[in-house]
Amino acid sequence: MAPAERCGLCRQTFFCGRGHVYSRKHQRQLKVALERLLPQVEAARKAVRAAQVERYVPEHERCCWCLCCSCEVRKHLSHGNLTVLHGGLLEHLASPEHKKATNRFWWENKAELQMKEKFLISPQDYARFKKSMVKGLDSYEEKEDEVIKEMAAQIREVEQSRQEVVRSVLEPSSFHLTAALILGPATSPRA
């Protein structure tokens, strides 16, 4: 009799040796698990061509589970107050450790070979992502500079209108003083 083995996907112990990975239940569980991860990987693949840089928010600390490596992976790359969307997942998918773990996972679970390439990022694609990330960072900085300039213009406008209000309040009283000095106290307008 074969020794008991545990299947992490099906979450059960089986005694049929390696035959379990060919069972319908295992293949169905495998398909469901891969389909759950696939949308995140596809979204990350789209970021290869055009990296998005955003201001950091705590939501960017989210992680996703990599089935192949059996570990949590940060979805986004964050540094300071900037976040590159899907950067962490792309970095993981391009790593040699992930490639090795993916090959082992596909072999152990007898997954469809056509699907394997969807869960890997080539070094060329990752290099392309790095270039688009640099462009994204530059465009983000330009946008931030524009926002700062607009805010400075608004502050100047507010300050100018405040000074005009102060002048308008002060001018009539100076007019009354000038009129009182020139015309004398009898003919000065009353305030």
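Since this is a predicted model, take the numbers as computed values, not measurements.

S.K.: Help me understand the overall build of the protein chain, please; the structure alone is not making it clear to me.
M.R.: On a plain count of helices and strands, the protein chain comes out with five helices and seven strands. When the helices and strands of the protein chain are placed in sequence order, the string is β-β-α-β-β-β-β-β-α-α-α-α. Across the 191 residues that make up the protein chain, the buried fraction comes to 31%. Counting only contacts in the protein chain whose residues sit at least 6 apart along the sequence, the fraction spanning at least 24 positions is 57%. When the accessible surface of the protein chain is split by element, carbon and sulfur atoms take 57% of a total near 13500 Å².

S.K.: I would appreciate a short explanation of the UniProt feature "coiled-coil region" (unreviewed entry) in the protein chain in the present structure.
M.R.: Residues given the UniProt feature "coiled-coil region" (unreviewed entry) here are residues 137-168. The straight-line gap between the two end C-alpha atoms of residues 137-168 is 46 Å; of that span, 100% is helix and 0% is strand.

S.K.: How should the sheet that holds strand β7 (residues 82-84) be read in this particular structure?
M.R.: Sheet strands line up and pair through hydrogen bonds in the backbone, either parallel or antiparallel. If you trace the three strands from one edge of the open sheet to the other, you get β3-β7-β6, paired in antiparallel fashion. The strands lining the two open edges of the sheet, one partner per strand, are β3 (53-55) and β6 (77-79). Sheet twist, expressed as the average angle between the axes of neighbouring strands with direction ignored, equals 25 degrees. Examined bridge by bridge, β3 and β7 share three bridges and lie antiparallel to one another. The residue of β7 that forms the bridge with R55 is L82.

S.K.: Teacher, can you tell me more about the pairing of strand β5 (residues 71-74) here?
M.R.: Within a regular strand, side chains alternate between the sheet's two faces. Sheet analysis places strand β4 (residues 63-66) next to β5, joined by four bridges and oriented antiparallel. The residue of β5 that forms the bridge with W65 is E72. Hairpin remark: β4 followed by β5, antiparallel, with four residues in the connecting loop; positive phi at S70, about 55 degrees.

S.K.: How do you make sense of the nonpolar core when you look at a structure like this?
M.R.: Nonpolar side chains tend toward joint burial in soluble globular proteins. Formed by 33 residues in total, the largest nonpolar core has its most connected members in L9, L34, L90, F105, W106, F119 and F129. Taken together, the elements giving at least two residues each to this core come down to α1 (24-49), β4, α2 (87-94), α3 (96-109) and α5 (123-183). With nine residues, the top contributor of residues to this core is α1.

S.K.: Honestly, the packing of aromatic side chains in this entry has me stumped. Any pointers?
M.R.: What characterises a pair of aromatic rings is the spacing of the ring centres plus the angle enclosed by the ring planes. For the structure on display, the rule yields three aromatic pairs. Each residue in the set F105, W106 and F119 is aromatic and connected to the rest through ring pairs, giving one cluster. In this structure, K110 packs its charged tip against the face of W107, placed 3.8 Å from the ring centre.

About the cut-offs
- Residues numbered from 1 in each chain as written.
- Predicted model: local features only at pLDDT ≥ 70, side-chain atom pairs only at ≥ 80, totals over all residues.
- Heavy atoms only, no water.
- Helix = DSSP H or I, 4+ residues; strand = E, 2+ residues; numbered from the N terminus.
- Buried < 20%, exposed > 50% of the residue type's maximum accessible area, 1.4 Å probe, protein only.
- Contact = heavy atoms within 4.5 Å.
- Areas by Shrake-Rupley, 256 points an atom, 1.4 Å probe, with all protein chains shown as cover.
- UniProt positions renumbered as here; feature names shortened; annotations may be inferred.
- Pairing = 2+ DSSP bridges.
- Axes fitted to C-alpha atoms, helices over the stretch in contact; angles between N-to-C directions.
- Core = buried A, V, L, I, M, F, W, Y, C linked by side-chain atoms within 4.5 Å.
- Phe/Tyr/Trp six-rings, centres within 6.5 Å; stacked < 30°, edge-to-face > 60°.
- Lys NZ or Arg CZ within 6 Å of the ring centre and 35° of its normal.

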